[in-house]
Amino acid sequence: MHLSQALTVIGAGSYGTALAMAVASKGFPVMLHARDGQKASHMEQSRQNERYLPGITFPESLHVTASLQEALSFARDVLLVVPSSAFVDTLLAIKPFWQPHQRLAWATKGLDSSGELLSKVIMKHMTSPDYPVLPIASLSGPTFAKELASGMPTAIACAGNDENFVTELCQLMHTKTFRVYKSHDLTALQLGGAVKNVIAIGAGMSDGLGFGANARTALISRGLAEIIRLGTALGASERGFMGLSGLGDLMLTCTDNQSRNRRLGYMLGKGMKIDEALREIGQVVEGCHMVSVVADLARRLQVEMPICFELYEVLINHKPGPQAAYDLLSRQITTE
């Protein structure tokens, strides 16, 4: 077996499990790490993730462990699929077991709480003067875990700092129904996946308020403009947001009720309290955490993001949704 034909996946949520299953469906060995020992044992024995992907059987070459040491010694390539709020803690947890020949990828969508891109967070915590170079790659794009795990057609993008690693990761992930495209804009790929979750809450809220298709489409279009403004301020190209990890992921997350972010916004639009809505969803809603990070970053960079700013007021300062919508519509007319 070639080193690039095995994979360790850290994070046994719905998306981490689905990505692990995609690679294992080709017969390649995959080790999936779950933090909870009882959960890991049950998944290994039942051959499925009953909580997140019930009824979908694991391929034979997929195995589950609760041991980070075992997981990190299993494969050269390691893929992190954890919530952005747990990203740094996960890096610190794997670092004692990290080996110099290993390469690190992530499918986490978000920014660090300080507003840093996760690529920079990795370099801060996983490199040193003795080990200054680390091949990294990020996966992002319009993906619902259940559809991916069920073998339904899916396409995402991958970008990184090492051409060989990106190429080999794309080949490793590629199946008959799962296509991974190479991207050359790591900043755009990461930012698109982070901010789209905030915009999706707004799209769901718009529908929950009964504003209709015109309003939803306008919000998505202007939301993309906000993402591009923030991205170009960070050095990304505008073109980098026109593909799967930008426009594609934004459209998916804003328009389908499989999106937890959209569902949260819809519930808020219907008058449900945020704590009640989060309890009902029962999983991490990335946009709820990310709205403060994005708003703070935009203010620091002096980037105008009125949709994100209004959503910050709704989610953090409990501004009524109808008032936020009215304030957006009442803004001074500008050029598109």
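Quantities reported herein were computed from a predicted structural model and do not represent experimental measurements.

Visitor: Can you explain unusual backbone geometry? Please cite residues and give values.
Guide: Here the phi dihedral of R47 falls at roughly 65°; this positive angle occurs in a residue that is not glycine. A positive phi angle, close to 55°, is found at Q302, a residue other than glycine. The residue Q302 is located in the loop between α13 (286–301) and α14 (306–317) in this model.

Visitor: Tell me about the packing of aromatic side chains, residues and numbers included.
Guide: Tallying each qualifying case throughout the model produces zero aromatic pairs. Geometry around Y181 places R179 over its ring, the cationic atom sitting 4.8 Å from the centre. Over the aromatic face of Y312 sits the side chain of R299, whose NZ or CZ is 5.0 Å from the ring centroid.

Visitor: Now, about the side chain of R47: what can you tell me, with residues and values included?
Guide: When you line up the elements, R47 lands in the loop between α2 (37–46) and β3 (62–65). Residue classification places R47 among the buried residues on the basis of a relative accessible area of 19%. Within the structure, R47 has its side chain in polar contact with the backbone oxygen of P59 (distance 2.9 Å). Ignoring any residue separated from it by four or fewer positions in sequence, one finds R47 in contact with H42, I56, T57, F58, P59, E60, L62 and H63.

Visitor: So, the state of the cysteines: which residues are in play, and what are the values?
Guide: Simply put, disulfide is the name for a covalent bond between the sulfur atoms of two cysteines. Evaluated as defined, the whole model comprises zero disulfides. The thiol of C254 is unpaired, and the distance to the nearest cysteine sulfur, on C308, comes to 11 Å. Under the relative-accessibility criterion, C254 is labelled buried at 0%.

The rules we used
- Residues numbered from 1 in each chain as written.
- Predicted model: local features only at pLDDT ≥ 70, side-chain atom pairs only at ≥ 80, totals over all residues.
- Heavy atoms only, no water.
- Helix = DSSP H or I, 4+ residues; strand = E, 2+ residues; numbered from the N terminus.
- Phe/Tyr/Trp six-rings, centres within 6.5 Å; stacked < 30°, edge-to-face > 60°.
- Lys NZ or Arg CZ within 6 Å of the ring centre and 35° of its normal.
- Buried < 20%, exposed > 50% of the residue type's maximum accessible area, 1.4 Å probe, protein only.
- Polar contact = N/O pair within 3.5 Å; in protein donor to acceptor, adjacent residues only side chain to side chain.
- Contact = heavy atoms within 4.5 Å.
- Disulfide = S-S within 2.5 Å.

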